[in-house]
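Structural overview
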Amino acid sequence: MLRLKGGRLYDPAHGIDGQVGDLYVEDGRIVADPGPDAVIHQEIDLTNRVVMAGAIDLHTHIGGGKVNIARALLPEDHRFDPAPATDLMHAGCGHAAPSTWTTGYRYAEMGYTACFEPAMLPSNARHAHLEMGDIPMVDKGAYAMLGSDDFFLRLLATGADQRLVNDYVGWTLDSSQAMAIKVVNPGGISAFKFNARNLDLDEAHPYYSVTPRQVIQTLARAVHDLGVAHPLHVHASNLGIPGNADTTLATMAAAEGLPIHITHIQFHSYGMEGERKFSSEAERIADAINHMGNVSADVGQILFGQTVTASGDTMIQHRNRRHASPDKWVCMDIECDAGCGVVPFKYRDKNFVNALQWAIGLELFLRVTDPWRIFLTTDHPNGAPFTSYPHLIRLLMDRNFRNSKLDEINPEAAAHSQLRQLAREYDLYEIAIMTRAAPARSLGLSDRGHLGVGAAADIVVYRDDTDREVMFAKPEYVFKDGRLIVRDGRVVEVVNGAVHVVKPEYDKGIEKPLKDYFDRYMTVKMEHIKVSDDEICSCGASRLIPHKCSVSSS
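Bear in mind the structure is a predicted one, so any value in this text is a computation, not a measurement. (Residues numbered from 1 in each chain as written. Predicted model: local features only at pLDDT ≥ 70, side-chain atom pairs only at ≥ 80, totals over all residues. Heavy atoms only, no water.)

Focus on helix α12 (residues 352-367)
- Over its 16 residues, α12 extends 22 Å from the first C-alpha to the last, a length consistent with the 22 Å expected when each residue adds 1.5 Å.
- For α12, the tally of buried residues reaches 15 of 16 residues, placing the bulk of the element in the interior.
- For α12, the N-terminal capping position is held by N351, with its side-chain oxygen 3.0 Å away from the main-chain nitrogen of V353. (Helix = DSSP H or I, 4+ residues; strand = E, 2+ residues; numbered from the N terminus. Expected span 1.5 Å × (residues − 1). Buried < 20%, exposed > 50% of the residue type's maximum accessible area, 1.4 Å probe, protein only. Polar contact = N/O pair within 3.5 Å; in protein donor to acceptor, adjacent residues only side chain to side chain.)

Quick look at the environment of T60
- Mapped onto the fold, T60 is located in the loop between β6 (55-57) and α1 (65-73).
- Given the relative accessible area of 0%, T60 is considered buried.
- Taking the C-alpha atoms as reference points, T60 and P381, separated by 321 residues in sequence, lie 7.4 Å from one another.
- There is a polar contact of 2.9 Å between the side chain of T60 and the side chain of Y107.

Observations regarding the side chain of H129
- Along the polypeptide, H129 turns up in helix α4 (residues 125-133).
- Those residues in contact with H129 that sit more than four places away from it in its chain are M120, S176, Q177, V499, V531, I536 and C539. (Contact = heavy atoms within 4.5 Å.)

Focus on the pattern of salt bridges
- Under the counting rule described, the total for this entry stands at 41 salt bridges.
- Residues D225 and R221 are paired through a salt bridge, measuring 3.2 Å at the closest nitrogen-oxygen approach. With D225 and R221 both in helix α8 (residues 212-226) and four residues apart, the pair spans about one turn of that helix.
- We note a salt bridge from E412 to R276, for which the minimum N-O separation is 2.9 Å. Linking E412 in helix α15 (residues 411-416) with R276 in the loop between β14 (270-271) and β15 (279-280), this pair joins segments that are 136 residues apart in sequence.
- Residue classification places E412 among the partly exposed positions, given a relative accessible area of 31%.
- Overall, the relative accessible area of 47% leaves R276 in the partly exposed class.
- Through salt bridges with shared partners, a single ionic network connects R29, D139, D447, R448, D458, K480 and D481. (Salt bridge = Lys/Arg side-chain N within 4 Å of Asp/Glu carboxyl O.)

Here's the deal with the packing of helix α5 (residues 150-157) against helix α6 (residues 162-176)
- Following both chains from N to C, one finds α5 and α6 inclined at 170°, their axes separated by 10 Å at the closest point. In terms of their interaxial angle, α5 and α6 are classed as roughly antiparallel. On α6, the residues that touch F151, F152 and L155 of α5 are L164, V165 and Y168.
- Along the lines of polarity and charge, the residues of the contact of α5 with α6 split into six nonpolar, no polar and no charged. (Axes fitted to C-alpha atoms, helices over the stretch in contact; angles between N-to-C directions. Parallel < 35°, antiparallel > 145°, perpendicular 65-115°, else oblique. Nonpolar A, V, L, I, M, F, W, Y, C, P; charged D, E, K, R; others polar.)

A short note on the pairing of strand β12 (residues 232-235)
- Covered by surrounding structure in β12 are L232 and V234 together with H233 and H235, the residues of both alternating faces.
- Pairing of strand β11 (residues 180-184) with β12, which is carried by three bridges, proceeds in the parallel orientation. Paired with K182 across the bridge in β12 is H233.
- Strand direction decides the pairing type here: β12 and strand β13 (residues 260-262), joined by three bridges, are parallel. Note on β13: the bridge partner recorded for V234 is I262.
- Each parallel crossover has a hand, and the one from β12 via helix α9 (residues 245-254) to β13 is right-handed. (Pairing = 2+ DSSP bridges. Right-handed = clockwise from strand over helix to strand, strands pointing away.)

All quantities given are derived from atomic positions and should not be read as evidence of function.
Next up, the structure:
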């Protein structure tokens, strides 16, 4: 048994805010105080140390076809950021799109113990799981993309019963070994193939004559009816377009009170005020979230420097190709299920639009009052690489530092922003909510994201440094399932994490029309799409962790 003695515990799931206490770990789990007669095999004195559960990133592009495309597209990204092999670790490389091994090592070295890929194409699920299985150190999971696939759009266009849609969504989650459902530019990826270059919330698809609003309502209902813990994960229409805040607000309303998660909301919070017709709508968006208890969001903060944007939103990425830096890009499609676009991009602090995007993201963090419903992300790598999280945390916790950075950006953008007037500084308890407890609750991970008895012993220990960037960049200890994997910010043991999936109940009779559809229109058989439980571990994961779905009576 291991005793972690005398640390300051931050465990929002149990209302513990910096209280000094001990943790006991046995067989990979946090256990109750065994009493004075128990045999303690190892004890670590954590006096004056900050102790939190392992961090969870609920939206990070770490696996699937688009990430591999980004790696292939940017050899310079790998040449300039090598990670040599050690006695423990494989060699790797990459800043914006790091290799699989390097991704796992760097996440663990920052205190992250679970990461979720938010855009897995069901027909490409086997590839995504193979790629994620190659990422060591952290647990993984993925969200299956629906909403622009032809089978779903045919159901919607023909007025299929909601129960049939639910069966299809349940089958998709099961067959692709997914944790949640995501919709990207609802119906828009399909509309792009019919030469549409924009599809707003109530605009009819040029072929199927259904609207993005119908797509969202139907999928949100299906996810709710199936009892999937994480709400429908929505990449809304009109990403990055000035004036898109109206669409974002309408998208929230379209859920009609059902749970909905708006992803990378910074890219969906733009107005058209001012001479440049580009302005912040962060206040209006944040107010809406504050008043709509069914809505959560992750921010997708941008930070300055070189990165690569990798999105399933082919329509928008095709539009963004003219901003590629360096000047190369890829758009592609798989099995007419969905697509992706990969466009390298460099965010510049002296550029008006980029600087205002930076301020808008920070405004959203500071204006949304409930840290249980706003999540810390950069939409890795779209806003910035995940390795910038410690810098982002300092921006949220240190107003003087934030204002000093505000002084460095494009002065016109700074003048257009209300960021300087926002005095809020996040504290350690709120950071623990945003990066641990809240993502675990949103995903239905009952034994992750907290320090209670029975939880997996994913534990992070920090030195309490007033420079929060230094503090969160280099934990003193990181434990994964009770094993010490990082010491003083360096990997000391390599482990393989588990894969989290949901197992909803559905009528398997859906396979009859699906088989007919695959036989007629697809290049592979339906049976070949399905990823079995055994395959998950053969892909590299330590184990498969299935989560039950709780069907409500409403």
